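# Breakdown of the fold
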Amino acid sequence: MRIGIPRALLYYYYYPMWKTFFEELGAEVLLSSRSTKGILAQGLKYAVDEVCLPVKLSFGHVLDLAGKVDYIFLPRMVSVEHRKYICPKFLGLPDMIRCLNGVPPLIDVNVNVYRRDRDLYATFQKAGSYLTGNQLKIWTAYRRSLAALQKYNRLLQLGLIPEEALAVLEDRVKNEPLPYPADLNVAVIGHPYNIYDPYISMNLIGRLRSMGAAVYTAEQVPEKIVIKYAERLPKKLFWTLGQRMLGAAFHYLDRPDISGLVHVAAFGCGPDSMTGELIERQAHAQQAPFLSLTLDEHTGEAGVLTRIEAFLDMVRWKQAGAAGL
Ligand code: SF4
């Protein structure tokens, strides 16, 4: 059986876990192609206008898999963490996708660990039942998929971006990549599906690195530090991704070795409009160099490039001033 996984949305968090699970049960896993103008155009054509840019892009990725696989794995993400929810757009995604013509059947199992972490196993049991009735096999595949995710997260914490971490996990490179030569450190905060997709982000991370900036993202910050810094807010955030971005941003703003912060938001994202504002206020309060980028389907590459260059000039100018040069 061939199972397709769209290279979009929470692929950037969970792909090694999902891939390991299905492969352990004997399936062949096929990823959609990398994001391109054509994939985005397909998404824009078929998604409703109201959804955010990453969800529109995910439509294009699903359509890229049509005709190539027996099933598309598109779990209904409700909660990925105890007592927290994830953006409701993830919840409705399988229903939106099912309305498209020509899409293969979906494996749209519920992921909801709001009450108990152990509820995750029931999700895998259901997903596994598409391939086998053997509960021992499903349990073993589940345990191995958790181990794969742990390995992946460890690589992300070491500073690898998902593409690099996957290359290490899949033995496509012999050694972990060496750090890029850099004369300053910059934090890039945004949803993983925005900042790590080189097409939609206009290769923001690659550009910063090539301009001499070492990039730090929320995925490098251990969970307990994220929680500690997010507690600075007077009220607890109940969104997993929002809390991760806020906690990481506050942490980086406190670190003297981080010279500036870039916040990346997607057009049409409600949560981003609030978390972005909170991060910007904090950056201004601490007089930290700050750049806010909002991505949409019309964003021009030249404009983004100019803003990144101006931002890095400002950071270097500030550093030189502080050093009395
Ligand atoms: S958090 Fe924002 S960008 Fe992510 S799916 Fe929800 S609305 Fe879209």
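Above this text sits the structure in question.
## Comments concerning the nonpolar core
- Counting 87 residues, the largest nonpolar core has Leu 10, Phe 21, Phe 22, Phe 73, Ile 97, Val 188 and Val 262 as the members making the most contacts within it.
- Among the elements that take part in this core, helix H1 (residues 11-24) stands out by supplying nine residues, more than any other.
- Viewed by domain, this core spans two of them, domain 1 (2-169) and domain 2 (184-322), each represented by three or more residues.
- Among residues more than four places away in sequence, those in contact with Phe 22 are Ile 3, Ala 27, Val 29, Phe 73, Ile 107, Ala 127 and Leu 131.
- By size, the runner-up hydrophobic cluster in this structure holds 21 residues, among which are Ala 187, Tyr 252, Leu 253 and Leu 261.

## Considering the environment of Met 77
- Among the structural elements, Met 77 can be located in strand E4 (residues 76-79).
- The buried category is assigned to Met 77, whose relative accessible area is 5%.
- Sequence separation between Met 77 and Asp 108 is 31 residues, and the spatial gap between their C-alpha atoms is 9.0 Å.
- Ignoring any residue separated from it by four or fewer positions in sequence, one finds Met 77 in contact with Leu 10, Tyr 14, Trp 18, Ile 86, Phe 90, Leu 91 and Val 111.

## Considering the packing of helix H11 (residues 240-254) against helix H12 (residues 270-285)
- Where H11 contacts H12, the two axes come as close as 10 Å, and the packing angle between them is 10°. Taken as axis vectors, H11 and H12 run roughly parallel relative to one another. Where H11 abuts H12, its residues Gly 242, Met 245, Leu 246, Ala 249, Phe 250 and Leu 253 lie against Asp 272, Thr 275, Leu 278, Ile 279, Gln 282 and Ala 283.
- Among the residues forming the contact of H11 with H12, the class breakdown is eight nonpolar, three polar and one charged.

Here is what the cut-offs are and how they apply
Residues numbered from 1 in each chain as written. Predicted model: local features only at pLDDT ≥ 70, side-chain atom pairs only at ≥ 80, totals over all residues. Heavy atoms only, no water. Core = buried A, V, L, I, M, F, W, Y, C linked by side-chain atoms within 4.5 Å. Buried < 20%, exposed > 50% of the residue type's maximum accessible area, 1.4 Å probe, protein only. Helix = DSSP H or I, 4+ residues; strand = E, 2+ residues; numbered from the N terminus. Domains from an automatic or database assignment. Contact = heavy atoms within 4.5 Å. Axes fitted to C-alpha atoms, helices over the stretch in contact; angles between N-to-C directions. Parallel < 35°, antiparallel > 145°, perpendicular 65-115°, else oblique. Nonpolar A, V, L, I, M, F, W, Y, C, P; charged D, E, K, R; others polar.

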